[in-house]
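Descriptive structure summary
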Amino acid sequence: MKSAWVVMKRELASFFVSPLAYVVLTSWLVWNGVVFWVLTEFYARNAVSSGAASPLSAFFGGSVLFFIPLLVFVPILAMRLIAGEKQSGTIETLMTAPVSETSVILGKYGASLVMWCVLWLPTVVYAWIMSQHGSVDWGATASSYFGVFCLGAYFMAVGLLMSTLASTQIIAAVLSFVALGVLFTVGIGEFVFDGAAREVCAYVSMWGHMQSFSKGVVDTRYLVFDLSVAVLAVGLSIGALKARRHG
Amino acid sequence: MIEVEALSRRYGNRLAVDDVSFIVNPGEIVGFLGPNGAGKTTTLRMLTGYLSPTSGGIRIHGIDAVASSIRAREQLGYMPEGVPLYREMRVQEYLRHRAALKKVPNVGEAVDRALEQAGVADSRKRIIGQLSKGYRQRVGLAEALIADPPILILDEPTSGLDPNQVRQFRQLVQGFGGKKAVLLSTHILSEVEAVCDRLIIIHEGRKAADLPAAQDDLEEVFVEITTGVGKNKP
């Protein structure tokens, strides 16, 4: 486990000295700043007419504006995790050090979760702004962030798996984008199909997931799904990294 | 000590390493020679645990490297071809990271010693990506030495260096004679003559020769073994 911690520390140190970190963080904040502004304007000008009860709950997954940047930024953040090591050749020094594949993958995954949290941390200021001009349901806000974290645990695990499978970072990014995009679209099937197909789509729906959490409802079905996908993807990443020795 | 027995590695249908056996004794510097594509790097990658052998056995310092790969890797210092490094890190920072990864007990002391041994103490605060190739090569060597391993495996450590850097590097490696078991892969014959006690020639995946490094005309021996034709003969 100590090795995982060493791998994680280096990953984060390298990420936060790279220009990519600041380009992503700045773009992310610009995007979300605009989204938050438009949503507050909408609620200020219109009596509540949508399903979401407040600008904050609309911000957390109440519109497609929440998902579009995630489908782009998650692949960009995750692409370098293992594929970056392959591309630079450092995978050879990493995997000939006395560390297990499990430690490497867990360290990388841990780093990706920290990146995810850093991405979201500045948005806490939106909740504070709302609290200055009206009332904020802090319980719903807390459950929104919890939902965001769980969604991140699942997204980053998928990104990590693609980065482990791909030979270059750009291929990793494209694969993650497609995987997450398909999962997102399947979730929309909730509004399209009937019967069993609707049930299945609702179960994987990122939209339903975030709408539930942003209203303060912590639905364990979504938690089980997020956790299952995360465990599966991390486990497959360990397997893929082990298989590399035989390739 | 490195003991290799009947080592083979397949890539799909291609047999890259075919039934190779050899020993590197403690304190001995052995040259691992062969034309490009002969299977040198594949063999070294199996010794260091980067690749699994298709068949055969490897013992590193008495440890079965196939069954207990991680324990075997603790006994090794490895400098891969091209010396891949995290270029965004500072030299000292990189070595500290590697020392932690290799579970070195006293990191600060180990970093100072490795920097000194590899002759990069003056560049400890510099960013790796901004160093010259010769210095990066030394950082790679410092990394291989960080845990003070009994065995060193160096894959083409002098490729791309200028003649002065090559000479300095050879002197560094020569200094390990009698102290560590060193396996040095190269296709530069003068390098073997300058630093090695013994040489192993590998050709088309098979071991073609295991000789003392002091030969009257090493080039002729090499050409004859790898082409089947004497240098001065038609």
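All of these numbers come straight from a predicted model, not from anything done at the bench.

1. Digging into the overall build of chain A
- The helix and strand inventory of chain A stands at 13 helices and 0 strands.
- Listed by position from the N terminus, the elements making up chain A come as α-α-α-α-α-α-α-α-α-α-α-α-α.
- A globule of 247 residues ought to have a C-alpha radius of gyration of about 18 Å, and chain A, at 19 Å, matches this closely.
- By its C-alpha atoms, chain A is 60 × 45 × 30 Å across when sized along the principal axes.

2. Topic: the overall build of chain B
- Scanning chain B from terminus to terminus reveals 8 helices and 10 strands.
- Summarising its shape, the C-alpha atoms of chain B cover approximately 55 × 40 × 35 Å along the three principal directions.
- Looking at chain B as a whole, 45% of its 234 residues qualify as buried.
- In chain B, the share of contacts with a sequence separation of at least 24, taken over all contacts with a separation of at least 6, comes to 65%.

3. Topic: the domain arrangement of chain B
Residue and element names in this part refer to chain B.
- If you check the domain split of chain B, you get domain 1 (1–75 + 150–234) and domain 2 (85–149).
- Opposite the 10 residues of domain 1 that make contact, domain 2 presents 8 residues.
- Listing elements by their share of the side of domain 1 that touches domain 2, those giving two or more residues are strand E7 (151–155) and helix H6 (163–174).
- Of the residues that constitute the side of domain 1 that touches domain 2, the class distribution is 7 nonpolar, 3 polar and no charged.

4. Re helix H13 (residues 220–243) of chain A
- Counted at 1.5 Å a residue, the expected span for H13(A) with its 24 residues is 34 Å, and the 34 Å between its end C-alpha atoms agrees.
- Of all the residues in H13(A), the buried ones are A:Tyr222, A:Asp226, A:Ala230, A:Ala233, A:Val234, A:Ser237 and A:Leu241.

5. Concerning helix H3 (residues 91–101) of chain B
- Along H3(B), 10 of the 11 residues are buried, which leaves the element largely enclosed by surrounding structure.
- B:Val91, B:Gln92, B:Tyr94, B:Leu95, B:Arg96, B:His97, B:Arg98, B:Ala99, B:Ala100 and B:Leu101 are the residues of H3(B) that are buried.
- In the core, the buried residues of H3(B) are packed alongside helix H1 (2–16) of chain A together with helix H4 (107–118) and helix H5 (133–145) of chain B.
- Where H3(B) terminates, the next one or two residues include B:Lys103, which has phi positive at roughly 55°.

6. Quick look at the sheet that holds strand E8 (residues 181–186) of chain B
Residues and elements named next belong to chain B.
- What the 6 strands build is an open sheet, ordered E6-E7-E8-E3-E9-E10; its pairing is mixed. The sheet is open, and its two edges are formed by strand E6 (76–79) and strand E10 (206–212), each paired on a single side. The average angle at which neighbouring strand axes cross in this sheet is 15°, direction not considered.
- In terms of strand pairing, E7 meets E8 through 5 bridges, oriented parallel. Opposite Leu 152, over in E8, you have Val 182 as the bridge partner.
- Seen against the sheet, helix H1 (residues 40–47) touches strand E3 (29–33), E7, E8 and strand E9 (198–203) and runs at an angle of roughly 150° to E7.

7. Let's talk about the sheet that holds strand E5 (residues 63–64) of chain B
Residue and element names in this part refer to chain B.
- The strand order E2-E1-E4-E5 describes an open sheet built from 4 strands, whose pairing is antiparallel. Only two strands of the sheet have a single neighbouring strand rather than two, namely strand E2 (14–24) and E5.
- Summarising the sheet, strand E1 (residues 2–11) and E2 pair through 7 bridges and their orientation is antiparallel. Residue pairing in the sheet places Leu 7 in a bridge with Val 20 of E2.

8. Let's talk about the pairing of E9(B)
Residues and elements named next belong to chain B.
- Two strands pair when backbone bridges link them, and E3 and E9 are joined in this way by 4 bridges, in the parallel orientation. Along E9, the bridge assignment pairs Phe 32 with Ile 200.
- Pairing geometry for E9 and E10, over 6 bridges, is antiparallel. Along E10, the bridge assignment pairs Ile 201 with Ala 209.

9. Topic: the nonpolar core
- If you look at the biggest cluster of nonpolar residues, it comprises 130 residues, and the most contacted ones within it are A:Ala157, B:Val30, B:Ala142, B:Val182 and B:Leu184.
- Here the element with the most residues in this core is helix H9 (residues 138–165) of chain A; it accounts for 12 residues.
- Counting residues domain by domain, this core receives three or more from each of domain 1 (1–75 + 150–234) and domain 2 (85–149) of chain B.
- Discounting residues that sit within four places of it in the chain, B:Ala142 has contacts with B:Leu95, B:Ala114, B:Leu115, B:Gln117, B:Ala118 and B:Val120.

10. Things to note about the environment of A:Trp37
- Considering the arrangement of structural elements, one finds A:Trp37 in helix H2 (residues 19–45).
- Remark: the alpha-carbon pair of A:Trp37 and A:Phe59, spanning 22 residues in sequence, is separated by 9.8 Å.

11. Looking at the environment of A:Leu70
Residues and elements named next belong to chain A.
- Mapped onto the elements of the fold, Leu 70 is located in helix H4 (residues 64–78).
- On the basis of neighbour counts, which here come to 20 C-beta atoms within 10 Å, the residue Leu 70 falls in the buried class.
- When the C-alpha positions of Leu 70 and Phe 177 are compared, they lie 9.4 Å apart, and in sequence the two are 107 residues distant.

12. What to know about unusual backbone geometry
Residues and elements named next belong to chain B.
- Here Asp 19, not a glycine, exhibits a phi torsion of approximately 55°, which is positive.
- Even without a glycine there, the phi angle at Asp 148 is positive, about 50°.
- Following the sequence through the fold, Asp 148 ends up in the loop between H5 and E7.
- Assessed through the 14 C-beta atoms surrounding it within 10 Å, Asp 148 is described here as partly exposed.

The rules behind these values
Residues numbered from 1 in each chain as written. Chains lettered and ligands numbered in written order. Predicted model: local features only at pLDDT ≥ 70, side-chain atom pairs only at ≥ 80, totals over all residues. Helix = DSSP H or I, 4+ residues; strand = E, 2+ residues; numbered from the N terminus. Rg over C-alpha atoms; globule rule 2.2 N^0.38 Å. Buried ≥ 20, exposed ≤ 12 C-beta atoms within 10 Å, placed from the backbone. Contact = placed C-beta atoms within 7 Å. Domains from an automatic or database assignment. Nonpolar A, V, L, I, M, F, W, Y, C, P; charged D, E, K, R; others polar. Expected span 1.5 Å × (residues − 1). Pairing = 2+ DSSP bridges. Axes fitted to C-alpha atoms, helices over the stretch in contact; angles between N-to-C directions. Core = buried A, V, L, I, M, F, W, Y, C linked by C-beta atoms within 7 Å.

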